[in-house]
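So the chains spell out like this:
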Amino acid sequence: MANLEEFRAETRAWLEANCPPEMREPVRDDKDVYWGGRNGSFSSEAQGAWFDACVEKGYTVPAWPKEYGGAGLSPAEAKVLREEMARINARSPLHSFGIWMLGPALLQFGTEGQKKHFLNQIARGEIRWCQGYSEPGSGSDLVSLQTYGEDKGDHWVVNGQKIWTSYADKADWIFCLVRTDKEDKYRGITFMLYDMTTPGVSTKPIKLISGNSPFCETFFDDVKVPKSYGEDIPGFVGEINRGWDVAKYLLGHEREMISGAGNADRLTTIGAAMKRHTGELDPILRAQLAMFDVDALAFSAMGEKFLDEIKVGKAHPAQPNMMKYSGTELNKRRHELMMTAGGSRSLEWDSEVTRGGKPSREWLRTKANSIEGGTSEVMLNVIAKRILDLPGA
Amino acid sequence: MPLYHNDDQALLADTASQFMGEEGAIAKQLRHWRDKDCPDGFGHELWKQFAEMGFTGILVSEDDGGLGMGNVEAGIVLEQIGRNLTPSPFLSSAVLAATALGKGSADLRGRWLPGLLSGDSVFAVAVDEGPKHNPQKITTRAEKSGNGFRLNGAKSFVVQGASADMIVVAARTSGDDSDMDGLTLFAVPKDAAGLSQDAVRLVDSSMATHLKLDNVELDGDAVIGEVDGGREVLNAMLNAGRAGAAAEAVGVAGGSMDMTVDYLKQRKQFGRLIGEFQALQHRAAHLYSEVEIARAAVIKAQQLLDEGSEKAELMVAVAKAKAGIAAGLAVKEGVQMHGGIGMTDEYDIGLYMKRDRALSEFLGDANYHANRVAELSGY
Ligand SMILES: Cc1cc2nc3c(=O)[nH]c(=O)nc-3n(C[C@H](O)[C@H](O)[C@H](O)COP(=O)(O)OP(=O)(O)OC[C@H]3O[C@@H](n4cnc5c(N)ncnc54)[C@H](O)[C@@H]3O)c2cc1C
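Residues numbered from 1 in each chain as written. Chains lettered and ligands numbered in written order. Predicted model: local features only at pLDDT ≥ 70, side-chain atom pairs only at ≥ 80, totals over all residues. Heavy atoms only, no water.

Of the regular secondary structure elements, chain B holds eleven helices and ten strands. Relative to the globule expectation of 21 Å for 379 residues, the C-alpha radius of gyration of chain B, 21 Å, shows essentially globular dimensions. In terms of overall dimensions, chain B has a C-alpha envelope of 80 × 50 × 40 Å along the principal axes. A total of 379 residues make up chain B; the buried ones form 59% of that total. Considering only contacts within chain B whose residues lie at least 6 apart along the sequence, 73% involve residues at least 24 apart. Carbon and sulfur atoms make up 48% of the accessible area of chain B, which totals about 14,700 Å². If the 36 positive side-chain charges of chain B are averaged to one point and the 53 negative ones to another, these points end up 7 Å apart. (Helix = DSSP H or I, 4+ residues; strand = E, 2+ residues; numbered from the N terminus. Rg over C-alpha atoms; globule rule 2.2 N^0.38 Å. Buried < 20%, exposed > 50% of the residue type's maximum accessible area, 1.4 Å probe, protein only. Contact = heavy atoms within 4.5 Å. Areas by Shrake-Rupley, 256 points an atom, 1.4 Å probe, with all protein chains shown as cover. Lys, Arg positive; Asp, Glu negative; His and termini not counted. Charge placed at Lys NZ, Arg CZ, Asp CG, Glu CD.)

Here we take up the nonpolar core. Counting 157 residues, the largest nonpolar core has B:Phe55, B:Phe90 and B:Leu151 as its most contacted members. Sorting elements by how many residues they give to this core places helix 7 (residues 230-264) of chain B first, with 17 residues. If we skip the residues at most four places from it in the chain, B:Leu151 touches B:Arg141, B:Ala142, B:Val169, B:Ala171, B:Phe186, B:Val188, B:Leu213, B:Asp214, B:Asn215, B:Val216 and B:Leu218. With 37 residues, the next largest nonpolar core counts A:Leu94, A:Leu102, A:Leu145 and A:Leu193 among its residues. (Core = buried A, V, L, I, M, F, W, Y, C linked by side-chain atoms within 4.5 Å.)

With that settled, the discussion passes to the domain arrangement of chain B. Residue and element names in this part refer to chain B. With domains assigned, chain B is organised as domain 1 (7-121), domain 2 (125-228) and domain 3 (231-376). For domain 1 and domain 2, the distance between their C-alpha centres works out to 23 Å. Tallying the contact residues gives 22 residues for domain 1 and 19 residues for domain 2. Taken together, the two surfaces of domain 1 and domain 2 that pack against each other cover about 1,500 Å², and 61% of this comes from carbon and sulfur. The interface formed by domain 1 and domain 2 holds one salt bridge in total. (Domains from an automatic or database assignment. Buried area = accessible area lost by both parts, 1.4 Å probe. Salt bridge = Lys/Arg side-chain N within 4 Å of Asp/Glu carboxyl O.)

Attention shifts here to the pattern of salt bridges. Evaluated as defined, the whole model comprises 51 salt bridges over all chains. Measuring nitrogen to oxygen at the nearest pair gives 2.7 Å for the salt bridge that ties B:Asp64 to B:Arg109. On the criterion of sequence distance, the pair formed by B:Asp64 in the loop between helix 3 (44-52) and helix 4 (71-84) and B:Arg109 in helix 6 (residues 106-118) is long-range, its members being 45 residues apart. Taking the relative accessible area as the measure of exposure, B:Asp64 reaches 24% and is therefore partly exposed. B:Glu361 serves as the salt-bridge partner of B:Lys132, at 2.9 Å between the closest nitrogen and oxygen. With B:Lys132 in the loop between strand 1 (123-126) and strand 2 (141-145) and B:Glu361 in helix 10 (residues 349-361), the pair connects residues that are 229 residues apart, well separated along the chain. Shared partners join several salt bridges into a network, and the residues in it are A:Glu5, A:Arg8, A:Arg12, A:Glu83, A:Glu84 and A:Arg87.

Our focus in this paragraph is the interface of chain A and chain B. In this assembly, 38 residues from chain A lie in contact with 42 residues from chain B. Summed over both partners, the interface of chain A with chain B buries about 3,300 Å², with 68% contributed by carbon and sulfur atoms. Linking chain A with chain B are two salt bridges, by the criterion used here. In this structure, A:Glu304 engages B:Lys300 in a salt bridge whose closest nitrogen and oxygen atoms are separated by 3.0 Å. Joining chain A to chain B, the criterion identifies 16 residue pairs in polar contact (both at pLDDT 80 or more). When contributions to the side of chain A that touches chain B are tallied by element, the ones reaching two or more residues are helix 7 (271-278), helix 8 (283-311), helix 9 (319-342) and helix 11 (376-387) of chain A. Ranked by residue count, the leading element in the side of chain A that touches chain B is helix 8 of chain A, at 16 residues. Residues belonging to the side of chain A that touches chain B are distributed by class as follows: 22 nonpolar, five polar and eleven charged. (Polar contact = N/O pair within 3.5 Å; in protein donor to acceptor, adjacent residues only side chain to side chain. Nonpolar A, V, L, I, M, F, W, Y, C, P; charged D, E, K, R; others polar.)

Residues and elements named next belong to chain B. Pairing geometry for strand 2 and strand 3 (residues 148-159), over five bridges, is antiparallel. Directly across from Lys144, in strand 3, lies its bridge partner Phe149. Connecting strand 2 to the antiparallel partner strand 3 that follows it, the hairpin turn spans two residues, and Gly146 within it adopts a positive phi of roughly 60°. (Pairing = 2+ DSSP bridges.)

Right, let's get into unusual backbone geometry. Residue and element names in this part refer to chain A. Even without being glycine, Trp164 reaches a positive phi, approximately 60°. Looking at the secondary structure, you find Trp164 in strand 3 (residues 155-166). Using a relative accessible area of 47% as the deciding quantity, one classes Trp164 as partly exposed. Although it is not a glycine, Arg355 sits at a positive phi angle of roughly 45°. Looking at the element boundaries, Arg355 is found in the loop between helix 9 and helix 10 (358-366).

With that out of the way, let us pick up the site of the ligand. Around the ligand, a shell composed of 19 residues is seen, among which A:Ser134, A:Ser140, A:Trp164, A:Thr375 and A:Glu377 lie nearest. Among the chains of the assembly, those with residues near the ligand are chains A and B. One of the backbone nitrogen or oxygen atoms of A:Ser134 is found 2.7 Å away from an oxygen atom of the ligand. In this structure, a nitrogen atom belonging to the ligand sits 3.0 Å away from a main-chain N or O atom of A:Trp164. Calculation on the ligand without its partners gives an accessible area of 980 Å², and the protein chains cover 69% of this total. Secondary structure elements with two or more residues in the shell around the ligand: strand 1 (129-132), strand 3 and helix 11 of chain A. (Near = heavy atom within 4 Å.)

Following this line, the structure appears as structure tokens:
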């Protein structure tokens, strides 16, 4: 514990010295978020300085081992860092599907060569990844996916279509589920890694109800995917035809992330802020806000408990599904209430006071929370089956 | 502190679970005393066993002969009480009154705590004055009289008041009805002249009283804490009680949910187990999530209380509200998913529903505590 306190003091001093004041302001829009990648550019000097300092220190991925670009922090230390960053409202230096999704899969299933190569790239924000799972005919029933990779010895030739691929048009590489055995539903999928600039890959952005186009249709037309990128760097994760294991493992992570469990300490109540913004609260709205705040504070305790339990292996392996279900439903409710409290002001779609319709666009965006990464209904199915052990689920 | 039980606490949980599952079981205690029309609504023998197990001393300091543990440990026992619907004076005596007495003089502690530790005494608390919990407003008056005080007023929902050897009474020694200051807590012996109680049986078969104080004369040494400074003792007592009631509610929720999920795996209709119907699976899974979240809120509140954190008050309100909501859902879904059998007295699920009602009302319902959360958050 004494060591932790020492670490806290060091961390506090380091953040004081390295996190520029601008990076302690709340995120206002897309420009305030850095995603890295070949085409990434900083929107301000402070953003660049903060990012560079974090890369240097291993703080884009604090809990990853040092040899893969992390800081090698223990779970307890990582928690201290999170708390200290939250204390000064420090922005996350790098947003990345590489960090949130591919990284954990590689740490679990990757070869040493893959880890050295890909994880370091991710930690330094050099390569931006996207996730190619869903297809037009395969959403909740993901394992029915049809995109096919024909074995050509040292490579596959991939044909098919993905959909809802977030940021596919901005990503450098894709981690993609491809069928490599048509006979075996579960053991016929390979988790492939390839460059989005490979000939035959094309993307078409889809506009969302929020007016933004963060995701795409992604087409593969005779795309040549190598089985190896060099010594001990296979072009797939885990084993050939066993990509479903990797995908399932990764979905656990994704669910945890979308649930907001990792930021439980940042999950705030909204009643007081709504009162500040709107003046007097309608009594019925006040009551709804109070009930929401009860749920939000209780859920943030749940997030804390969940993380504590994960650290010592006490959490039920299917618990991330419950976290995702509850966390996303709560977030939708939060934005419903914020829209109601904001009144006609929050309806404005592109005005300056709303910074380009932030309230309404965010409200609409949250509706995806209970769809992406597995729908709420699917989460409930999993809880019923794996936690409650209900028959036929 | 991580939000799960440490090894000692896990051991206590095992012990409490085994003890309550055997000695405190529904058939052995709740139904037994209910069907006998017992005026206490609980068994004194079981209360003695609680003492032998050390449960009654959990919140009593080691200096006073207790175990000097905290609200987490008291909550562990209460969760098992909730799960088994075990009727006992644990919450009112060993949590509420014990917390108040802990803030009292050495004389007071010496007078009352040994009986609690041995299981010979039962205590009650008299705070509410109307049908809804509202400790902001206390109209019961205590006027100076010689070396002591003269109390006048009326209290309601005094759980186990008729069985109690001593009742902690919140009264006003100065100021207006709704003032924060000017309250004083008194340890009133059951045989005090002018004290009268009307016992009523509640929906969950527990017993409570409407209590009257008609010129009750008390010595100055019946005061718990400071004269006019009772709000602090009252808040400490209520917060411990609310965290405890929330822990018991999580037990009620868990017991009811487990019983229901088991039933879904046994009952067949349309040639299938009813647990195969997705409509029921989803409701059960949602219920599970709510109960888990309530449990997290409760342990967080208990830990903050034990740490003496200034955030404890807010989290206790969250815990009492959330546990009430989750347990309410658990018992309603429980009865519904049992179908007709859920409406029968013979089947236990209805007993959970009754207990939840009384427990969620006790020390403030979910609305009361959601309002507290709003007030404490500044709106
Ligand atoms: C913002 C956003 C970003 C996304 N990003 C990505 C990405 O980067 N990469 C990627 O691969 N995918 C991505 N997705 C896709 C996402 O994973 C799918 O949308 C999701 O899995 C649901 O599939 P679907 O859209 O086909 O809906 P369907 O599966 O067709 O579901 C339709 C409805 O039926 C319900 N339903 C389906 N099956 C059952 C069942 N067994 N029991 C009960 N109800 C059921 C669902 O809950 C839902 O309400 C993204 C989605 C969104 C909204």
